[in-house]
Amino acid sequence: MPHQTLPPVQAPKIPNPNPNPVLDLSAIASVGDYEAPAKQLLDPSIWAYLDGAAADGITHERNLQEMERLALWPRAMRNASGGDMSTTLLGQTFPHPIFIAPTAYHQLAHPDGELATVTAATALQSCMVVSTLSSLSMESIAAAAQTPLWFQLYIQRRRDVTLDLVRRAEQSGYQAIVVTVDAPVEGMRNAQQRHGFRIPPHVRAENLAPYPSEPQAVLGISDSFFESSLVRNAPTWDDFAWLANQTKLPFIAKGILHPLDVQSALDAGAQGIIVSNHGGRVLDATPATIEALPYIAEAVGGRVPILMDGGIRRGTDVLKALALGAQAVMVGRPIFHGLAVAGSTGVAHILHLLRTELAMAMVLCGIRSLSQVTPALLSPVKRR
Ligand code: FNR
Ligand code: LAC
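Residues numbered from 1 in each chain as written. Chains lettered and ligands numbered in written order. Predicted model: local features only at pLDDT ≥ 70, side-chain atom pairs only at ≥ 80, totals over all residues. Heavy atoms only, no water.

As for the site of ligand 2
Here is step 1: The environment of ligand 2 is made up of Tyr49, Ala104, Leu133, Tyr154, Arg189, His278 and Arg281.
Here is step 2: Between an oxygen atom of ligand 2 and a side-chain N or O atom of Tyr49, the distance comes to 2.7 Å.
Here is step 3: Here an oxygen atom of ligand 2 sits 2.8 Å away from a polar atom, N or O, in the side chain of Arg281.
Here is step 4: In isolation ligand 2 offers 220 Å² of accessible surface; the protein chains occlude 84% of this area.
Here is step 5: A breakdown of the residues in the shell around ligand 2 according to their chemical character gives 4 nonpolar, 1 polar and 2 charged. (Near = heavy atom within 4 Å. Polar contact = N/O pair within 3.5 Å; in protein donor to acceptor, adjacent residues only side chain to side chain. Areas by Shrake-Rupley, 256 points an atom, 1.4 Å probe, with all protein chains shown as cover. Nonpolar A, V, L, I, M, F, W, Y, C, P; charged D, E, K, R; others polar.)

Structure representation (structure tokens):
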């Protein structure tokens, strides 16, 4: 029998919203294709913040490289019709496992900021995790959302302020609190320093605007970092546990990389774990998240759901993370690339591409449902 010719799968072309003649957006076919035009459009110091990583960027690169080294091991002739990509977490079913990671200040990339992002998330039915440091208020983002929202919490120095943030999230309909546990201090942001990055005056952390600003620690040459207020006031699992007791919303710990931290998180009341190294933006020289994931999955032992972020750029990456024990993934930097190039349309297109690629990879691996995804989907042979 002759080969049947498959129709080419066409990504919908997006209209060029940029009058900038230097940019040819007609060539955008993948998530990665958004990066170069985004860089071209943004001020170099803004790019250094949005796309940058800590120190030498080794962890960030490793997230991408280790993902590439893994190989899917497809199975043939297994019909996948009737398949679906839904995933159930914390009692809630999501139509697909591709979530938007919490990231600060979307207005740095596009004037519509988080409103553009949440519109895209709604269109593609993605769960969006809204950052404590969003450039629009969590209330205004929620008012525009018709998709599940989670609120990412940076525990503040003052407990009353932290609690007020949680109450506001409850009142505006957020369905979970994601507490970021891997960034008590900022990390060596050398790219930002080299470019003299400052948050421009028209952008601010709108959620924190009602509260007195926290004093900035300035470290003199002979001051001990360990004794600085930053380190002295850094949150601990006790704060997490105290907070988790104040609300009915599920608490999820974001930024777990070591399997020995899993029990501490669960003891403190975490009902979900996000394997993350903050996209390599805090501590450089760590394992990639895809390397840490199987160890954490083993430590969790199915007790709570696991999500992973860092280096998700393809539908096949989603499948790899799911094969190693995640139930969903989150995407960070590409959201900014989409925002910078085409606002809401760009973000929607990025989510659409990832979702389509995941569906295609499932069909090609003969998988009908994400519950059929197991470690057997990965080949033991890795790229060197
Ligand atoms: C982040 N990230 C982040 N995480 C968080 O918990 N709260 C935050 O406010 C931010 N802000 C933020 C800003 C920017 C510009 C970036 C790039 C990232 C980390 C984010 O949630 C996620 O862990 C990584 O971005 C995932 O890696 P990829 O997808 O960027 O490779
Ligand atoms: C960052 C902080 C805001 O990664 O989490 O820039």
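That shown, we press on.
Focus on the pairing of strand β7 (residues 251-256)
Here is step 1: Counting buried positions along β7 gives 6 out of 6 residues, so the element sits mostly inside the fold.
Here is step 2: Looking at chain direction, strand β6 (residues 177-180) and β7 are connected through 4 bridges and run parallel. Its bridge partner being in β7, Thr180 is matched across the sheet by Lys254.
Here is step 3: Here β7 pairs with strand β8 (residues 272-275) via 4 bridges, running parallel. For Ile256, the partnering residue across the bridge sits in β8 and is Val275. (Buried < 20%, exposed > 50% of the residue type's maximum accessible area, 1.4 Å probe, protein only. Helix = DSSP H or I, 4+ residues; strand = E, 2+ residues; numbered from the N terminus. Pairing = 2+ DSSP bridges.)

What about the packing of helix α3 (residues 58-69) against helix α11 (residues 289-300)?
Here is step 1: At a minimum axis distance of 8 Å, the contact between α3 and α11 shows a crossing angle of 70 degrees. Between α3 and α11, the crossing angle belongs to the class labelled roughly perpendicular. Residues Arg62, Asn63, Glu66 and Met67 of α3 form the contact with α11, whose participating residues are Thr289, Ile290 and Glu291. (Axes fitted to C-alpha atoms, helices over the stretch in contact; angles between N-to-C directions. Parallel < 35°, antiparallel > 145°, perpendicular 65-115°, else oblique. Contact = heavy atoms within 4.5 Å.)

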